[in-house]
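Below, each chain spelled out in residue letters.
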Amino acid sequence: TGSGAVATGLSYDPVSKTFSVDARNPAAGVQLVPKPLIRFAARLHREAATGDLGRVFLPGTPFQATLVDSDFALQNLPEGRFGMRMLGGGGYVYAVLETLDTQAGHSFTAAPDPIGRIDSVIAPVGFGVEAGGNLSANMKESVATQGRLLGADSNDSRLSILWRVLRPLSSDSALIAEPTRLNTQILFPAMGGYSVELAATLGATTVRDTVQYKVATTVIVAPAKFSAPQPGDTVIQGQLCKVAWNASALTGMARLEYSYQNGAEGTWLIGVDSIKIALGGTALWTAPLIAKEVLPCLLRLRMIPSDSVLMQIDGPIFLAR
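This report concerns the structure included in the present document. (Residues numbered from 1 in each chain as written. Predicted model: local features only at pLDDT ≥ 70, side-chain atom pairs only at ≥ 80, totals over all residues. Heavy atoms only, no water.)

## Comments concerning the overall build of the chain
Counting its secondary structure elements, the chain contains zero helices and 29 strands. The buried share of the chain, taken over its 321 residues, is 37%. Carbon and sulfur atoms make up 52% of the accessible area of the chain, which totals about 18600 Å². (Helix = DSSP H or I, 4+ residues; strand = E, 2+ residues; numbered from the N terminus. Buried < 20%, exposed > 50% of the residue type's maximum accessible area, 1.4 Å probe, protein only. Areas by Shrake-Rupley, 256 points an atom, 1.4 Å probe, with all protein chains shown as cover.)

See below:
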């Protein structure tokens, strides 16, 4: 599905299959058959056109794609034949020798000599990127990138984004899910230190920043769990009760909550607020005074400010007078 425009007063040549503006000989009619748009992935050989970053575009259309090494993908492309250009380092434009035909080959070659250069003043003052601070990751686990774009709109169609691994340990040392997106995922198959670069190009201006990842083996941590009180224990109403939990990989702030209505939504009350979570911990909680002599009660810890549940007791304790 999509939208388009209609132009009238055109002349159509069925031999060359082209339209021209000729009001004297307008086309009597043209049969239009809707077809699905496609994802066109291909490779561009650009050995003669140097430069780390690059982009391909179809002149006269909004279609363009960032090169990842030599590969590119054009999204939502209609079937047909198109001329193609490559935008290389320094804003130089190169011709592509082959015509893009969605029904034919997927290998192209950039001409060795530039045919033009784009305006070098497109990039605004303050244009830059931040790849994030030094980060840690676990081997064989995907982590989200923390890149930021400065001084430009991330939706600007003229903008090119590219993540890449510098000095990789091997050809598959890090797998970047969508290297041309600002927000993507990276998976590190092996231990070690990685330098990952974020680059952005706007016009003839390219800015870069690098983040260091320290990748360690995956640490398996037992689920956080209450160690006291235990399900079935009795806690005296109105008196201090020691609540304890085992080691947790998370650190930060949490709050202890309790519910004596089977843990139903909206029945949880705050018992102790602003508890510092570390590798294990304790809190002192004063069990509430309730009209009933004995009442079952559930406990849980929720992280602040995310409100995610860190742990919940496996069964009820009993509040007694």
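## Here we look at empty space enclosed by the protein
For the structure on display, the rule yields one cavity of 30 Å³ or more. Reported here for the largest cavity is a volume of approximately 40 Å³. Around the largest cavity, the lining residues are Lys225, Phe226, Gln230, Pro231, Gln312, Ile313 and Asp314. Counted by class, the lining of the largest cavity contains three nonpolar, two polar and two charged residues. (1 Å grid on protein atoms, 1.4 Å probe; cavity = no way out; pocket = protein on both sides within 12 Å on 5 of 7 lines; lining within 4 Å. Points joined across faces, edges and corners; volume = space filled by probe spheres on them. Nonpolar A, V, L, I, M, F, W, Y, C, P; charged D, E, K, R; others polar.)

## A short note on the packing of aromatic side chains
What the rule picks out here adds up to six aromatic pairs. Consider the rings of phenylalanine 188 and tyrosine 213, whose centres lie 5.0 Å apart with planes at 45 degrees: the pair is tilted. Taken together, the residues phenylalanine 188 in the loop between β18 (185–187) and β19 (192–202) and tyrosine 213 in strand β20 (residues 205–216) connect sequence positions 25 residues apart. For tyrosine 213, a relative accessible area of 3% gives the class buried. Each member of the aromatic cluster is reached from another via a ring pair, and the members are Phe40, Phe72 and Phe108. (Phe/Tyr/Trp six-rings, centres within 6.5 Å; stacked < 30°, edge-to-face > 60°.)

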